[in-house]
Amino acid sequence: MAERRRHKKRIQEVGEPTKDEKAIAKYLRFNCPSKSTNMMGHRVDYFVASKAVECLLDSKWAKAKKGEEAMFTNRESVVEFCNRLLKKQFFHRALKVDGNEVYVWIYDPVHFKTFAMGLILVIAVIAATLFPLWPAEMRVGVYYLSVGAGCFVASILLLAVARCILFLIIWLLTGGRHHFWFLPNLTADVGFIDSFRPLYTHEYKGPKAEQKKNDKSEMKKLKTDSEDKSDTEKKDEAAEGSGTDGSGAERQSDTDSDRREDEGSQHSNGNGNDFEMITKEELEQQTD
């Protein structure tokens, strides 16, 4: 009671919502991305403020009409209008999540689809109760239609049982080797047309099939082993090649150094000492 009184006081202070505010709030309620969560033991829907602003900027109220200005021209105008909806208790602010303000919906109008489905259900119930008052032709047509629907459902059930019996008979006669399914998708979670496709499936699970599976597995193992061996051989050849290259380079360097030493020794033997120590007396005799 206290909460209702407070709510009435707030409405009296702020004012009743206008038609435009209700229309925009309804549009925002059904078009703004929202999520569901539990809040204080109640299941509530909430939305993020930035998503609401983007939703209203993409709405028809953000587009100018002939001779009229658009209601929402920028983000500031949308924020100001949302603050009015907040004060008029269309939603209220909740805790922050990921740095964005989260708002929980209080305004919960009836969606048009829900209203239409409820209306159709009520009309169907009233029409069923007034069935004795229908014209004779309509009653006969409904009777044949119901009989046809019942026969269709019964035929589907009988077909499901028959396919199981057929599978069991073939399985027993072949010792569990042949698995034959007529309409395999009849009871699967698929569409109406796909439940009748394919017409049948057959699978052989005898010793030959197991042998083929074993042969395939062995072939795969052999392939993997051969690939591993080829990889290791390639690595060994690369290592050997690098080793021979290194030894050849060392041998080549050794031969080059030996050749250089031999050339130097030959050069030194052919010309004698490159430099000699000459005394002062010998120098004077040579000059004389």
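This structure is a prediction, so every number in the text was calculated from the model and none was measured.

Engineer: What's the story with the nonpolar core in this structure? I'm lost.
Structural biologist: Across soluble globular proteins, nonpolar side chains have a tendency to be buried as a group. One finds Leu28, Phe47, Leu56, Phe72 and Phe91 to be the most contacted residues of the largest nonpolar core, which totals 21 residues. Elements with a contribution of two residues or more to this core: helix 2 (19-31), helix 3 (49-57), helix 4 (75-87) and strand 4 (102-105). Sorting elements by how many residues they give to this core places helix 4 first, with five residues.

Engineer: Can you walk me through the UniProt feature "transmembrane region" (unreviewed entry) in the protein in this structure?
Structural biologist: UniProt records the feature "transmembrane region" (unreviewed entry) for residues 115-136 and 142-173 in the present numbering. The span residues 115-136 shows a helical share of 73% and a strand share of 0%, and its end C-alpha atoms are spaced 32 Å apart. The distance from the first to the last C-alpha atom of residues 142-173 is 46 Å, and the span holds 100% helix and 0% strand.

Engineer: Would you mind showing me how to read the side chain of Arg163 here?
Structural biologist: Position of Arg163 relative to the elements: it lies in helix 6 (residues 136-173). No salt bridge is formed by the buried Arg163, whose closest oppositely charged neighbour, Glu203, lies at an N-O distance of 12 Å. Only 3.1 Å separates the side chain of Arg163 from the backbone oxygen of Leu183, close enough to count as a polar contact.

Engineer: Where do I start with the packing of helix 2 against helix 3 in this structure?
Structural biologist: Axis angle and axis distance: for two packed helices, these are the angle between their axes and the distance between the axes, and together they describe the pair. The contact between helix 2 and helix 3 brings their axes to 10 Å, and the two run at 115°. The handedness of the crossing between helix 2 and helix 3 is right-handed. In this structure, helix 2 uses Ile24, Tyr27, Leu28 and Asn31 to contact helix 3, whose residues at the interface are Ala52, Cys55 and Leu56. Considered class by class, the residues forming the contact of helix 2 with helix 3 number six nonpolar, one polar and no charged.

Engineer: How should I be thinking about helix 2 in this particular structure?
Structural biologist: In an α-helix, one turn spans 3.6 residues; hence positions three or four apart end up facing the same way. An ideal rise of 1.5 Å per residue puts 18 Å on 13 residues; helix 2 measures up with 18 Å between its terminal C-alpha atoms. Within the sequence span of helix 2, burial applies to Glu21, Ile24, Ala25, Leu28 and Arg29. Projected down its long axis, helix 2 carries its buried residues within an arc of 140°, all on one side. Where helix 2 is buried, its residues touch strand 2 (42-48), helix 3, helix 4 and strand 4.

Engineer: Just checking my understanding: could you explain the packing of aromatic side chains for this structure?
Structural biologist: Aromatic ring pairs are described here by two measures, namely the spacing of the ring centres and the angle between the planes. For the structure shown, the criterion picks out 14 aromatic pairs. A ring pair is formed by Phe91 and Trp105, whose centres lie 5.5 Å apart and whose planes are at 85°; its orientation type is edge-to-face. Residue Phe91 is located in strand 3 (residues 91-93), and its partner Trp105 is located in strand 4; the two are separated by 14 residues in the primary sequence. Relative accessible area serves as the criterion here: at 3%, Phe91 is assigned to the buried category.

Engineer: Looking at this structure, how should I read the pattern of salt bridges?
Structural biologist: A side chain of one charge can pair with a side chain of the opposite charge if their charged atoms are brought near each other. Inspection of every chain in the model, using the stated rule, returns five salt bridges. With its nearest N and O atoms 2.7 Å apart, the salt bridge here joins Glu21 to Lys88. Taken as a pair, Glu21 in helix 2 and Lys88 in the loop between helix 4 and strand 3 lie far apart in primary sequence, 67 residues in all. Just as Glu21 is buried, Lys88 falls in that class too. Arg197 is the salt-bridge partner of Asp194, the closest N and O atoms lying 2.5 Å from each other.

Engineer: Just checking my understanding: could you explain the packing of helix 2 against helix 4 for this structure?
Structural biologist: Relative orientation of the contacting elements helix 2 and helix 4 amounts to 100°, with a least axis distance of 11 Å. When the axes of helix 2 and helix 4 are compared, the pair comes out roughly perpendicular. For the pair helix 2 and helix 4, contact is made by Glu21, Ile24 and Ala25 and by Phe81, Arg84 and Leu85, respectively. Taken together, the residues of the contact of helix 2 with helix 4 break down into four nonpolar, no polar and two charged.

Engineer: Looking at this model, I keep getting lost on unusual backbone geometry. Mind explaining?
Structural biologist: Peptide bonds are mostly trans, and most non-glycine residues show a negative phi. Between Arg197 and the following residue, Pro198, the backbone shows a cis peptide bond with an omega angle of -5°. Examined against the element boundaries, Pro198 turns out to sit in the loop between strand 5 (178-182) and strand 6 (200-204). Even without being glycine, Gln89 reaches a positive phi, approximately 65°. Position of Gln89 relative to the elements: it lies in the loop between helix 4 and strand 3. Using a relative accessible area of 18% as the deciding quantity, one classes Gln89 as buried. One non-glycine residue, Leu183, lies in the positive phi region at around 50°. Relative to the helices and strands, Leu183 resides in the loop between strand 5 and strand 6.

Engineer: What am I meant to see in the side chain of Ser77 here?
Structural biologist: Here Ser77 lies in helix 4. Within the structure, Ser77 has its side chain in polar contact with the backbone nitrogen of Thr73 (distance 3.2 Å). Sequence-distant contacts of Ser77, defined by excluding residues within four places in its chain, comprise Met71 and Phe72.

Rules used in this analysis
- Residues numbered from 1 in each chain as written.
- Predicted model: local features only at pLDDT ≥ 70, side-chain atom pairs only at ≥ 80, totals over all residues.
- Heavy atoms only, no water.
- Core = buried A, V, L, I, M, F, W, Y, C linked by side-chain atoms within 4.5 Å.
- Buried < 20%, exposed > 50% of the residue type's maximum accessible area, 1.4 Å probe, protein only.
- Helix = DSSP H or I, 4+ residues; strand = E, 2+ residues; numbered from the N terminus.
- UniProt positions renumbered as here; feature names shortened; annotations may be inferred.
- Lys, Arg positive; Asp, Glu negative; His and termini not counted.
- Salt bridge = Lys/Arg side-chain N within 4 Å of Asp/Glu carboxyl O.
- Polar contact = N/O pair within 3.5 Å; in protein donor to acceptor, adjacent residues only side chain to side chain.
- Axes fitted to C-alpha atoms, helices over the stretch in contact; angles between N-to-C directions.
- Left-handed = near helix turned anticlockwise from the far one by under 90°.
- Contact = heavy atoms within 4.5 Å.
- Nonpolar A, V, L, I, M, F, W, Y, C, P; charged D, E, K, R; others polar.
- Expected span 1.5 Å × (residues − 1).
- Arc of directions from axis to C-beta.
- Phe/Tyr/Trp six-rings, centres within 6.5 Å; stacked < 30°, edge-to-face > 60°.
- Parallel < 35°, antiparallel > 145°, perpendicular 65-115°, else oblique.

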